[in-house]
Protein chains: 2
Amino acid sequence: MKLETTYKSNNYPIVVEHQALDQLHNYIEGYQDIVLVVDATVDINWKSTLEFITTEYGAHKLVIPSGETTKSFSFYEEMMETLLSKQLTRDTCLIAVGGGATGDFTGFLAATLLRGVDFIQVPTTILAHDSSVGGKVGINSKHGKNLIGAFYRPKAVIYDLNFLDTLPYSEVLSGYAEVYKHALLSSAEAVRNIETQFPNATALASLNEIEYYIFKGIETKLNIIIKDEKETNVRKFLNLGHTFGHAVEYTFKIPHGHAVMIGMIYQFIVANQQLNQDFDIAHYIDYLSALNYPLDIINTFEFETLYHLMLKDKKNDQQGVQMVLLDGIGHPVVKHVDKEALLQAYTTLLTYFKK
Amino acid sequence: MKLETTYKSNNYPIVVEHQALDQLHNYIEGYQDIVLVVDATVDINWKSTLEFITTEYGAHKLVIPSGETTKSFSFYEEMMETLLSKQLTRDTCLIAVGGGATGDFTGFLAATLLRGVDFIQVPTTILAHDSSVGGKVGINSKHGKNLIGAFYRPKAVIYDLNFLDTLPYSEVLSGYAEVYKHALLSSAEAVRNIETQFPNATALASLNEIEYYIFKGIETKLNIIIKDEKETNVRKFLNLGHTFGHAVEYTFKIPHGHAVMIGMIYQFIVANQQLNQDFDIAHYIDYLSALNYPLDIINTFEFETLYHLMLKDKKNDQQGVQMVLLDGIGHPVVKHVDKEALLQAYTTLLTYFKK
C-alpha cells in the first residue's frame, strides 16, 4: 500500500507493506553521502537486513540508544559534531531506522545539519506509524518533551511491516494507543471495528490485520495535517490524550502510548464534565485492562506535578491549558480547561483505581 | 526606504532608515509573549532607546555576549532552556537586536523553539545589513562556522541606521566588506561609485551616504535569494570571498568582514589564474590599505590549516573545494578549484605582503 502527501509542493510517499525496505533503493540513489542512523535494538535484531545500506551505498552508520534517552541536548550535540567531522556535503541523506525517538532525533539532525539535508523515515514500531508521518522532528528539553524542534518533511516514509515481528508486547501496546486514537478521531464505526478486531491482549499480540488499521490511522492523520501542517488549528486534534499523557510520560518515564491511553481516559472524563458527554468510562478502562495496559500507575499520580507539566504543553495559549476533547466520537474540539476542572477530572479518574 | 521580499508566500518587509525602530510597533502588536534578545554592547549604548520594548510590551529580555562567542552549542542550550523555563506559547516573537551573530543565534532559537516561533531582525551593524536578510540562521560547530542551522525567514527586518552612530571603525570595516561585495557582484559601475564615495578611511568613517550603498546591497542580495532561497545554485554567488574568508576568520578569530575582504583578494588571484582574468591585484590591496584593513595578518597564514577548513565549506561537493569566482566584475561563477591551484594562489597572495 502506498500513500502520497498532497501538499502544494515537496510531497513525499508513504509506503506501508511487508518488504517495503526493498523500495528504499528508489529513494537513495544518487546522494553523495548517506548516513544510516539506527536504533541499537533494531541494529541487533535486523543487522543483516540493513547491511545493504552500508555495503551497497557506502553509508556511514551511527548506532544510537533506544528510546527517548537519545533525544537529549548533549546527545544531539555529540551526534551533530560526529556528522560534521565526516565532511558531509549538503547532498546527504540521513536514514532513520527505529521507533519514534529515532525518527524525531534523526529528523532534527537532518533539519539542522548544514541548514538542512534530506532524510528518510524507516519506522520499525507501530507507534512510529504516527510519528514518522507529518514532519514533526525534535528533541527534549529539561522542561518537557519535544519542546526543541522543527517542522521538517522527510523525503519518504518506508514502513516495512516485517520489523513488527520483533516488537515486544509492551511496544505493541504503546503503538496501538495511536492507532486507537486515530479511530477515535475518525468515527464510532472505526472504534467498534478496531475493538472487535482486537478485543484482548491475545488478539492484539497476534497483530492480525494490523496493517489495515495502521494504514487507516495514517490516512486519518494525513487528512488532518494536509490542512494544517504547522498545528495552528485542526492538527491540534492529533494531540487527543496527549496533554495529560505527555505529563504522565514525562513524570513516570513509561512508554509514550501507555501514557497517551491514560490521557485518553482522562480526556473522556473531562469531556463528560465539560461538554456534557456521556462516555462510558468503565467500558474504556475495561477494554484497556483486557489489552493489559498497565493502568495501576494511576494510583501513584500527584496532581500538582502533572498540572505543572500540562501548563508547558506547546498547544497552550496565555489563558492556560488547552485540551483536545471529544465532543462525541469522531468530533474533536480544542477547549480551555481551567485548573479546577482538571483537578475534578483527576479526582474522578482516581476513583476508578482506588483499591 | 522600504523593500519587501517577493517569495510566493511568507514575505517580509525590510525597513532601512533612521528612526526605523519607531515602526517596530507595527510588527509586534498582538503577540502573547515577546522576548528581546539584545547584544550586550548594544544594550549598554542604546538601553533607553530599547526600553519601550520591555515597558510597553512586557517583553522578557535576554542580554547575550557580543560576537561569535554567542553562537556556541552550550550557549544555545542555555538560552533555549532559559526561554523554555518562561512557559512561552507558540504565539511568541523574538526580537534580535544586535549584529550578525545576534541575528543568527536568535533566529536559530526562533526556528527551533517549540518547533518554530516568529522573530524580527533589528540589525545594529553594517555587516548585519547582509546577514539579517535572507533567513539564514545558525550556530557554530567545532568543525566550522554556521554548520548547524536552518533557513528560517524573519517576520520583518527593521534596520535603524541610528545604531551605526556608535559603531567602532573596526566594525565599519567589517560591514563594508559585504557592501563592497554586493557592488562587485553587481557591476563595474557600482564598484567605481563606491570606491569614489569611500576612497579612504576618513571618508568611510564618516559613513556619508552609506544608507544608499546599504540599500543597494540589500537589493542585490534580494534579487539573488528570491531566485534560490536554499542555496542550490545562484545564492552561492553571495559567498564571494567567503571560502577563503571563513577559513581565515575561523583560524585567526578576526572580524568577519576583515576576513572576507582578504578572501576577496584571494579570489581575484584565483580568478586571474583559473579564468584568465586580469584583475589588478595591487589596486585592490592599495584600496583596502587606504581603508585601513589590517592585512598584515596575511604574513602569518599557513596553507594546510586554511585548506583543511576550506574543505569543510557547505558549498562543496565530493569533487572538493567549490569557490565563487568573478569572471569579470558583476559576473560570478562557481568553480571547482583543486588543491594545487589553491596553493598557487596562496603563494601569489603572500608575495604581495612579504617584508
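Residues numbered from 1 in each chain as written. Chains lettered and ligands numbered in written order. Predicted model: local features only at pLDDT ≥ 70, side-chain atom pairs only at ≥ 80, totals over all residues. Heavy atoms only, no water.

Per an unreviewed UniProt entry, chain A is named 3-dehydroquinate synthase, and its organism is Staphylococcus succinus. In the Subcellular location (unreviewed entry) part of its UniProt record, chain A is described as follows: "Cytoplasm". Looking at the Pathway (unreviewed entry) heading of the UniProt record, one finds this comment for chain A: "Metabolic intermediate biosynthesis; chorismate biosynthesis; chorismate from D-erythrose 4-phosphate and phosphoenolpyruvate: step 2/7." (UniProt positions renumbered as here; feature names shortened; annotations may be inferred.)

A. Just the nonpolar core, in detail. Within the largest apolar cluster, 84 residues are counted, with the highest numbers of intra-cluster contacts made by Ile-126, Tyr-176, Tyr-180, Ile-214, Tyr-266 and Phe-301 of chain B. No other element matches helix α12 (residues 256-274) of chain B, which puts eleven residues into this core. For Ile-214 of chain B, the contacting residues outside a window of four places in its chain are Val-16, Ile-126, His-129, Tyr-159, Leu-161, Leu-164 and Val-179 of chain B. Val-133, Ile-194, Phe-198 and Ile-224 of chain A belong to the second-largest nonpolar core, a separate cluster that totals 83 residues. (Core = buried A, V, L, I, M, F, W, Y, C linked by side-chain atoms within 4.5 Å. Buried < 20%, exposed > 50% of the residue type's maximum accessible area, 1.4 Å probe, protein only. Helix = DSSP H or I, 4+ residues; strand = E, 2+ residues; numbered from the N terminus. Contact = heavy atoms within 4.5 Å.)

B. Quick peek at the relation of the copies chain B and chain A. Least-squares fitting of chain B to chain A yields an RMSD of 0.0 Å, with the transformation described by 0.0 Å of translation along the axis and a rotation of 180 degrees. Put plainly, the chains are arranged around a two-fold axis. Most of the interface of chain B is mirrored in chain A, where 100% of its interface residues again form contacts. (Least-squares fit on C-alpha atoms with pLDDT ≥ 70 in both.)

C. Representation of helix α3 (residues 47-57) of chain B within the structure. Residues and elements named next belong to chain B. Where α3 is concerned, the buried positions are Leu-50, Phe-52, Ile-53 and Tyr-57. Here the buried residues of α3 occupy an arc of 120 degrees about the axis, which is enough to place them on one side. Facing away from the buried surface of α3 by more than 90 degrees, the exposed residues are Ser-48 and Thr-55. Residues of α3 that are buried sit in contact with α1 (25-28), β3 (33-39), α2 (40-45) and β5 (92-98). Directly beyond the C-terminal end of α3, a positive phi value near 60 degrees is found at Gly-58. (Arc of directions from axis to C-beta.)

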